[in-house]
Amino acid sequence: MTVATSRRSVVAWAAAVIACTVIIAKTEFTADMSAFLPRTPTPVQQILVQQLRDGVVSRLILIAIEGTPPDVLAQTSRRFAAQLRQQPDEFAAVNNGEETTLSQDREFLFRHRYLLSPAVAPGHFAAASIRTSLEEDLQLLNSPAGALLGKIIPRDPTGEMLRLIAQFEGVARPAVHDGVWFTRNESRALLIVQTRAAGYDIDAQERALASIHAAFAHATAPAASSAATVLVSGPGVFAVSTRARIKADALRFSLIATALVAALLLALYRSPCVLLLGLLPVASGALAGIAAVSLGFGSVHGITLGFGVTLIGEAVDYAIYLFTQTTPDATPAESLARIWPTLRLGLLTSICGFGAMLLSGFPGLAQLGLFSIAGLIAAVLVTRFVLPALLPAGFTVRAASGLGPKVAALVDSARTLRYPVILATLAALVFLGAQHGTLWNDELASLTPVTASERALDEELRRDVGAPDVRHLVVVDAANADAALAGSERIAARLQTSVEQRRLEGFESAAGYLPSVATQRARQAAIPEPAVLRGSLADAQRSLPFRAGLFEPFLADVERARTQSPLTRVSLEGTALALKVDSLLVKRNAPDTAAGAWTAMLPLRGVTDTDAIAHDIQSAPAGDGVLIDLKQESDTLYQTYRREIVAYSLFGAAAIVLLLLTSLRSIRRVLVVLAPLAAAVVITFCLLILGGNPLSIFHLVGLLLVVAIGSNYALFFERQAANDAERERTLVSLLFANLATMIGFGLLAFSKVPLLHALGSTVGIGAFLSLLFSAVLIARTLSPTAQPA
């Protein structure tokens, strides 16, 4: 490499670093876990993912206050809710069961009762029907509730408001103490908050949580409330805590890995200057990886940064190979040229492994693949063209000369373990075959970074607030919101039959809170003209003890309902009913809206005969909806995950084998290289199972990376050395490269993020075994012209 070429290489590298830095400065970093869901989900999965990202479900925060007596908790709840309601830009709704919030709902229901009541139909206002209602009113007036009902009967003698209340009674609600929501045992006061910001806007969710804690601190300022504590849960809370956890892991592990690798390089090279040069490929690879992901995906996931720790261990390998192989009688460029074919082949096998992730249909995994491929390529290019120009003249690693003979002797003695390793591999294969049915963790929860304690709290709070444990729901697709409501009404009629036949306990529908326009128009058409209604009322009232003119408010309300405009979603603003409708009626954001741009969901409670309900729904003439089993859907989602990862892993493994065949041009040599890798994969698989944890798809990806990374070691072991000294230097470089890789991946085994933990534990074990088994199974080889050192 000439001086001019070296200078151009350094200038080009510096320009690339500046360009990557500029790109990264403008990059958005996210923790949206939908990145680890399929790019092309099914329509139902699409709805669920959308709801978790920006639907009303993603905006809900469940809050519990505990630690003081019930009366003090109730006072704290009222002060807390009042503080939150003073921030309308932050919170769209704050509900703790207080009369102020319930009164808005009651007022809305009462004002629009004739458009909402399912009883309003032709004949409902005939004289005979009104007469029956009035007679029932007389009985109610003589009951303990008579004083309360006496106030509303003049406006609602037909009992529409009571019907609506009865209709919504099936919806579970928290217990009430001192006018606010409580758990059944009164140990916690409960609140539900809806944020303005969508769940995927993690910065906004973090600000909302800060506002909640600030409001709580203000609400507990009185001495009696100071012992109270607050618990929060919900998708937004999970997103914020997950991002913080990933950030903390990425920073902590990066610092630890950098310190350990730096100590390793310093111990080997005993030169701060060479230490800094050794970290150049690492830094360059990290910058290139982040910039590539930013350009390719528009944003960088926090898990990608966490995974970047592995690049520290892998990218530094190339510098180690160069530094350790450089001898006083050769320039760095000449030393690199000697090992370049093997180094290049090792890089290509790593690219094949990470390429399987890049081709994945899951954007999050594809990010990890692109990050690693771009980072490794950048690290190799820096090692190939920049480091030789920057290394000091006459550079050599003296420690390699001292360690070389000892490492070589250790490797030579490892050959005695050949048959025990083969027997252990065969035994592991038999063990794995016997464990076939229990190898995999089929729970979707195994993929989430949300901790078990966070999930347990969320389930507890959802039970406390009366949220149903929904497993079955009916999904109705339509071209617009009103059509979806109309489809819900038709499905509801069939579901009501199932309720009567005890096939399910009940269901909930957005149309119960907001009927379709056609239904509202039909109810208005069932209301007679004022003169006709007045006559029917007079006939019905004859001989009953109601004073004349008592029902004038009723006549005015009915006429107002007959001529008013139909209710829309906007009409519900300011009520808790809006929250209900928004959670059950959603607009789909996908570009492919062939199935319908809007979806209505009807959650079912207490399903006892799934097949019969599904048959009833499918046999509906209009074919409005489909019954969904959410557990089955989540299992299908997970199985889709696994099938795709298996397919791409096999593709990556096949690509590695094909690459080796093309490069080595010998089936025997390929088998020699693959033998230790196969043994490492099998033994690693077995050790993970023996560790008591069924495997997730992330472990499967890790096993592929074991092959990709381990092939580097096997290739150098299989490579014919020119002499004993070169072989010893190669072995020392492999030892330290393996230590660096184990540092990078091994640290991830301590991460609380399942993906990082699975990859770290798998590759950390597998990389070590790949090196060990390469030493055991690959015989020492020297070139035919080799001379003793």
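Along each chain, residue indices are assigned from 1 in the same order as the chain's sequence is written. Whole-chain, interface and lining totals are the exception, using all residues; otherwise, since this is a predicted model, local features are given only for residues with pLDDT of at least 70 and side-chain atom pairs are given and counted only at 80 or more. Here the side-chain values reflect all heavy atoms present in the structure, with hydrogen atoms and water set aside.

## Observations regarding the overall build of the protein chain
We count it as follows: To qualify as a helix, a DSSP run of H or I must reach at least 4 residues; to qualify as a strand, a run of E must reach at least 2; elements of each kind are numbered from the N terminus. Burial classes follow relative accessibility: with a 1.4 Å probe on protein chains only, a residue under 20% of its type's maximum area counts as buried, one over 50% as exposed, and anything between as partly exposed. By the convention used here, residues are in contact when the closest approach between their heavy atoms is within 4.5 Å.
Along its length, the protein chain carries 30 helices and 15 strands. Looking at the protein chain as a whole, 54% of its 789 residues qualify as buried. Once local pairs closer than 6 in sequence are excluded, the contacts in the protein chain between residues at least 24 apart make up 82%.

## Observations regarding the pattern of salt bridges
Quick reminder of the rule: Every case where a carboxyl oxygen of Asp or Glu lies within 4 Å of a side-chain nitrogen of Lys or Arg is listed as a salt bridge.
This structure, assessed with the given rule, holds 27 salt bridges. Between Asp557 and Arg155 there is a salt bridge; the shortest N-O distance is 2.9 Å. Taken as a pair, Asp557 in helix 23 (residues 552–563) and Arg155 in the loop between helix 8 (146–152) and helix 9 (160–168) lie far apart in primary sequence, 402 residues in all. You can call Arg155 partly exposed: its relative accessible area is 33%. A salt bridge links Asp539 to Arg542; the shortest N-O distance between them is 3.1 Å. By relative accessible area, which is 40% here, Asp539 ends up partly exposed.

## A word on helix 14 (residues 332–358)
Our working rule: A helix is expected to span 1.5 Å for every residue after the first. In this analysis the local bend is the angle between axes fitted, respectively, to the seven residues ending at and the seven residues starting at the residue.
A rise of 1.5 Å per residue sets the reference length of helix 14, with its 27 residues, at 39 Å; its end C-alpha atoms lie only 33 Å apart and thus fall more than 12% short of the reference. At Ile339, helix 14 shows its strongest bend, of approximately 55°, with the proline Pro341 following within four residues.

## Considerations on helix 9
Spelled out, the test is: Our arc is simply the arc of the directions from the helix axis toward the C-beta atoms.
Of all the residues in helix 9, the buried ones are Glu160, Met161, Leu164 and Phe168. In a view along the axis of helix 9, the buried residues occupy a sector of 100°, so they form one face of it.

## Some details on the environment of Ser509
Quick reminder of the rule: Under this definition, polar contacts are N or O atom pairs within 3.5 Å; protein pairs additionally need one hydrogen-donor-capable and one acceptor-capable atom, and for neighbouring residues in sequence, both atoms have to be side-chain atoms.
As for its placement among the helices and strands, Ser509 is situated in the loop between strand 10 (506–507) and helix 20 (510–513). Ignoring anything within four residues of it in the chain, the contact list for Ser509 reads Ser488, Leu584 and Leu602. For Ser509, the side chain forms a polar contact with the main-chain nitrogen of Ala511, separated by 3.1 Å.

## Here we look at the pairing of strand 2 (residues 60–66)
For a regular strand, side chains alternate in direction, first toward one face of the sheet and then toward the other. In plain terms, the rule: When DSSP finds two or more bridges between a pair of strands, those strands are recorded as paired.
Of all seven residues that make up strand 2, six are buried, and the element is covered over most of its length. With seven bridges joining them, strand 2 and strand 6 (residues 188–195) adopt antiparallel strand pairing. Residue pairing across strands places Glu66 opposite Arg188, the latter belonging to strand 6. Relative to strand 7 (residues 229–233), strand 2 is paired through five bridges, and the arrangement is antiparallel. Residue Ala64 lies in a different strand from strand 7, and its bridge partner there is Leu231.

## Re the nonpolar core
The line we're drawing: Joining through side-chain atoms within 4.5 Å is the link that ties buried Ala, Val, Leu, Ile, Met, Phe, Trp, Tyr and Cys residues into a set, and such a set is a nonpolar core.
In this structure, Tyr321 and Phe323 are the most contacted members of the largest nonpolar core, which totals 122 residues. Ranked by the residues each element gives to this core, the list is headed by helix 28 (residues 697–718), at 15 residues. In this structure Tyr321 touches Ile339, Leu343, Asn712, Tyr713, Phe716, Ser733, Leu734 and Ala737, once residues within four positions along its chain are discounted. In terms of nonpolar packing, the next biggest core, distinct from the first, is built from 36 residues, Phe507, Leu514, Leu572 and Ile613 among them.

## Regarding the side chain of Asp629
With respect to the helices, strands and loops of the structure, Asp629 is situated in strand 13 (residues 625–629). Taking the relative accessible area as the measure of exposure, Asp629 reaches 15% and is therefore buried. Leave out the neighbours within four places in its chain, and Asp629 touches Arg471 and His472.

## Comments concerning a nonpolar patch on the surface
The condition is simple: Without a salt bridge and with relative accessible area above 30%, a residue can belong to a patch; like charges are then joined within 9 Å and nonpolar side chains (Val, Leu, Ile, Met, Phe, Trp, Tyr) within 5 Å. Accessible areas in this description were obtained via Shrake-Rupley with a 1.4 Å probe; residue shielding takes into account the shown protein chains only.
Residues Tyr419, Ile422, Leu423, Leu426 and Leu429 make up a contiguous nonpolar surface patch of roughly 530 Å² in combined accessible area. Mapped onto the fold, Leu423 is located in helix 17 (residues 418–434). Using a relative accessible area of 58% as the deciding quantity, one classes Leu423 as exposed.

## Section: unusual backbone geometry
Of note, Asp178 is a non-glycine position whose phi angle comes to about 55°, a positive value. Tracing the sequence through the fold places Asp178 in the loop between strand 4 (175–177) and strand 5 (180–182). For Arg502, which is not glycine, the phi torsion reads 60° and is therefore positive. Position of Arg502 relative to the elements: it lies in the loop between helix 19 (481–500) and strand 10. Given a relative accessible area of 72%, Arg502 falls into the exposed group.

## Considering the packing of helix 26 (residues 630–664) against helix 28
So the rule is basically this: Only the stretch in contact is used when fitting a helix axis, every axis being a line fitted to C-alpha atoms; angles between N-to-C directions are given from 0 to 180 degrees. Each angle receives one of four descriptions, namely roughly parallel if under 35 degrees, roughly antiparallel if over 145, roughly perpendicular if within 65 to 115, and oblique otherwise. Each residue gets one of three labels, nonpolar for Ala, Val, Leu, Ile, Met, Phe, Trp, Tyr, Cys and Pro, charged for Asp, Glu, Lys and Arg, and polar for the others, Gly among them.
Where helix 26 contacts helix 28, the two axes come as close as 8 Å, and the packing angle between them is 10°. Classified by the angle their axes make, helix 26 and helix 28 are roughly parallel. Taking contact as the criterion, the partners of Tyr638, Tyr641, Arg642, Ile645, Val646, Tyr648, Ser649, Gly652, Ala653, Ile656, Leu660 and Leu664 in helix 26 are, on helix 28, Ile697, Leu700, Val701, Leu704, Val707, Ala708, Leu715 and Glu718. In terms of residue class, the contact of helix 26 with helix 28 is made up of 16 nonpolar, two polar and two charged.

## Thoughts on the packing of helix 14 against helix 28
Contact geometry for helix 14 and helix 28: axes closest at 9 Å, N-to-C directions at 175°. On the basis of their axis angle, the class for helix 14 and helix 28 is roughly antiparallel. Here helix 14 contributes Ile339, Thr342, Leu343, Leu345, Gly346, Leu347, Thr349, Ser350, Gly353, Phe354, Ala356 and Met357 to the contact with helix 28, which in turn contributes Val701, Leu704, Leu705, Ala708, Ile709, Ser711, Asn712, Leu715 and Phe716. Looking at the contact of helix 14 with helix 28 residue by residue, the classes come out as 14 nonpolar, seven polar and no charged.

## Examining the packing of aromatic side chains
Cut-off, in case you're wondering: Side-chain rings of Phe, Tyr and Trp, where Trp is taken by its six-membered ring, are said to pair if the distance between their centres is within 6.5 Å; with planes under 30 degrees apart they count as stacked, over 60 as edge-to-face, and otherwise as tilted.
As enumerated under the stated definition, the model contains six aromatic pairs in all. Look at Tyr114 and Phe125: their rings are 6.0 Å apart centre to centre, the planes differ by 55°, and that puts the pair in the tilted class. With a gap of eleven residues between them, Tyr114 in helix 6 (residues 113–116) and Phe125 in the loop between helix 6 and helix 7 (127–141) connect regions that are remote in the sequence. With respect to class, Tyr114 is no different from Phe125; both count as buried. Here Tyr321 and Phe716 contribute two aromatic rings whose centre-to-centre distance is 4.7 Å and whose plane-to-plane angle is 35°, an arrangement assigned as tilted.

## Observations concerning the environment of Val517
Structurally, Val517 can be placed in helix 21 (residues 517–525). On the basis of relative accessible area, Val517 is assigned to the partly exposed category, the value being 30%. Setting aside residues up to four positions removed in sequence, Val517 forms contacts with Asp482 and Pro566.

## Some points on the confidence of the model for the protein chain
Let me state the cut-off plainly: The predictor's confidence in any single residue is recorded as pLDDT, a number from 0 to 100.
Across the protein chain, the average pLDDT comes to 83, with 88% of residues at 70 or higher. Taken element by element, the protein chain is modelled with least confidence in strand 15 (residues 782–787), mean pLDDT 44, and with most confidence in helix 21, mean pLDDT 95. Below a pLDDT of 50 lies the segment residues 591–595, which in the model reaches three contacts outside its immediate sequence neighbourhood of four places, other chains included. With pLDDT under 50 throughout, residues 782–789 is counted as low confidence; its partners more than four residues away or in other chains account for 18 contacts.

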